[in-house]
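Observations on the three-dimensional arrangement
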Amino acid sequence: MSASRKKVLAIVLAGGEGKRLMPLTADRAKPAVPFAGIYRLIDFALSNVVNSGYLQVVVLTQYKSHSLDRHVTQTWRMSTMLGNYVTPVPAQQRVGKHWYLGSADAIYQSLNLIKDEKPDIVVVVGADHVYRMDFSQMVAQHVESGAACTVAAIRQPISLADQFGVIDVVPDEPSRIRDFLEKPTDPVGLPSSPGEVLASMGNYVFDADALVEAVTRDATTPGSKHDMGGDIVPAFVRRSQAGVYDYRDNVVPGATDRDRGYWRDVGTLGSYYAAHMDVVSPLPVFNLYNFDWPIYTAYGPQPPVKIVQGGDGTKAEVDEAVLSPGAVVTGGAVSRSVLSPAVRVESGAEVSGSVLLNGVQVGAGAVVRNAILGKNVVVPVGAQVGVDPEADRARGFVVEDGLTVLGKDQPFPA
């Protein structure tokens, strides 16, 4: 059967706690963290899946999932007449009195979904990366190769190999995996490019029956961490059933030479901030304005952006900024920043190199630099944040990687 005739079920692994993104994950799961103003991180994975033509999607959730569940159910609505759906599935303790022990266990505990849908192929993707990818091209290679498991991989400099799960390929068959190495210190470069290695992206394609058998066996394997990358993929590798898909070969409609192949794991505050700076740059490394491969989301009934002078006649100045619906800049100066819906910047205020989440209020004359401000934070008139790291620490703010970060609803002490 050709790839186009195969029945595909997509599983999005969205149970991530995101400890390294605290305090942004204090009240929500990592995939629900806002990004680039109007999106949630999970919107990128879901948009890639549905743009690839896969319209039966389950989202496995666990950690502080209310915000994530609400976003998915309110935003991601499909035609039920055609049997299409995107549905969140919480941890249900179907096989014992324990929550998910890892990503493989999440799928094992959710095998009823595969049994009910009876797919030929299961696409398994992570929910917290920023990128564009056409999974149908990966599925086509998977079917053609005859592999039972295919891992998506991105090329990285060999010097960064110790930060990733690295795929060692068969030298004369570079689409087959010889070994799967977790953060190796002495990696071997690719046969065609000795200065690069293939790093796992956390996206997989499986023959459905092979996936069911693998996670079922793993559930009773002593010492397993029940992890897709750490346990399931190596099991396929040992049986010579694993292939690799090079992300460099993926061609997304509307991609530019500059943003093709962009992928960022926003697992830390520093990488989350850097990805936002990618978005606001004059020639963005990640282009949000590719209408041939849209990133879908919903942000509610917000009015248009408004930029006006202040009551005292101060002109508003805005440059290298992403402004979301509902944002109002009244005589303030905004540069190299992302303003989420319903953000207000008052007269004489300065916001630079910062990410302001929904509903943030920056008072008149206040200064916000190199900061990430969580939902509904209010910066008082004339206050400063991100200017003096020691003063920020003394006020109980998180200061990390040159950034000052406030969590959702965090009060600003006098």
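Look above for the structure.
Anyway, here's the lowdown on the structure attached to this text. The shown structure was predicted, so the numbers you read here are calculated from the model rather than taken from an experiment.

Parameters at a glance
- Residues numbered from 1 in each chain as written.
- Predicted model: local features only at pLDDT ≥ 70, side-chain atom pairs only at ≥ 80, totals over all residues.
- Heavy atoms only, no water.
- Helix = DSSP H or I, 4+ residues; strand = E, 2+ residues; numbered from the N terminus.
- Buried < 20%, exposed > 50% of the residue type's maximum accessible area, 1.4 Å probe, protein only.
- Contact = heavy atoms within 4.5 Å.
- Pairing = 2+ DSSP bridges.
- Axes fitted to C-alpha atoms, helices over the stretch in contact; angles between N-to-C directions.
- Left-handed = near helix turned anticlockwise from the far one by under 90°.
- Nonpolar A, V, L, I, M, F, W, Y, C, P; charged D, E, K, R; others polar.
- Phe/Tyr/Trp six-rings, centres within 6.5 Å; stacked < 30°, edge-to-face > 60°.
- Lys NZ or Arg CZ within 6 Å of the ring centre and 35° of its normal.
- Patch = residues over 30% accessible without salt bridge, like charges linked within 9 Å, V, L, I, M, F, W, Y side chains within 5 Å.
- Areas by Shrake-Rupley, 256 points an atom, 1.4 Å probe, with all protein chains shown as cover.
- Salt bridge = Lys/Arg side-chain N within 4 Å of Asp/Glu carboxyl O.
- Core = buried A, V, L, I, M, F, W, Y, C linked by side-chain atoms within 4.5 Å.

Here Ser-103 lies in helix H3 (residues 103–108). Relative accessible area serves as the criterion here: at 19%, Ser-103 is assigned to the buried category. Dropping the residues within four chain positions of it, Ser-103 is found in contact with Leu-13, His-226, Asp-227 and Met-228.

Attention shifts here to the pairing of strand S17 (residues 333–339). Direction of pairing for strand S15 (residues 317–323) relative to S17: parallel, over a ladder of 6 bridges. Across the sheet, Val-318 pairs through a bridge with Val-334, a residue of S17. With 2 bridges joining them, S17 and strand S20 (residues 355–356) adopt parallel strand pairing. Bridge pairing in S20 places Val-338 opposite Val-355.

Strand residues, when the strand is regular, have side chains that alternate between the two faces of the sheet. As defined by bridge partners, strand S9 (residues 165–170) adjoins strand S10 (residues 173–182) across 6 bridges and the pair is classed as antiparallel. Bridging across to S10, Ile-167 finds its partner in Phe-180. Connecting S9 to the next strand, S10, in antiparallel fashion are 2 residues.

Here we come to the packing of helix H1 (residues 42–51) against helix H2 (residues 66–75). Across the interface, H1 lies against H2 with an axial gap of 12 Å and an inter-helix angle of 35 degrees. Where H1 crosses over H2, the handedness of that crossing is right-handed. Each of Ile-42, Asp-43 and Leu-46 in H1 lies in contact with H2, whose residues at this interface are Leu-68, His-71 and Val-72. Split into classes, the residues belonging to the contact of H1 with H2 amount to 4 nonpolar, 1 polar and 1 charged.

Here we take up the packing of aromatic side chains. Scanning the model with the defined rule gives 9 aromatic pairs in all. When the ring of Phe-206 is compared with that of Phe-236, the centres are 5.7 Å apart and the planes differ by 45 degrees; the resulting orientation is tilted. One end of the pair, Phe-206, is in strand S11 (residues 196–207); the other, Phe-236, is in helix H7 (residues 228–238), and 30 residues separate them in sequence. For Phe-206, a relative accessible area of 0% translates into the label buried. We classify Phe-236 as buried; its relative accessible area is 1%. Taking the ring centre of Phe-236 as reference, the NZ or CZ of Arg-239 above it sits at 5.2 Å.

Our focus in this paragraph is the environment of Pro-304. One can find Pro-304 in the loop between helix H8 (269–280) and strand S14 (306–308). Setting aside residues no more than four positions away along its own chain, Pro-304 makes contact with Gly-326 and Ala-327.

Right, let's talk about a nonpolar patch on the surface for a bit. Where nonpolar side chains cluster on the molecular surface, the patch consists of Val-305, Ile-307 and Val-318 and spans about 200 Å² of accessible area. Of the residues examined, Val-318 reaches a relative accessible area of 34% and is grouped as partly exposed.

So, on to the nonpolar core. In summary, soluble globular proteins display a tendency toward joint burial of nonpolar side chains. Counting 40 residues, the largest nonpolar core has Val-12, Ile-42, Leu-46, Val-123, Met-133, Phe-135 and Met-201 as the members making the most contacts within it. Every element with two or more residues in this core is listed here: strand S1 (8–13), H1, strand S4 (56–61), H2, strand S6 (121–126), helix H5 (135–145), strand S8 (149–157) and S11. With 5 residues, the top contributor of residues to this core is H1. Core analysis: the next-biggest nonpolar cluster, separate from the first, contains 38 residues, Ala-153, Phe-180, Tyr-204 and Ala-214 among them.

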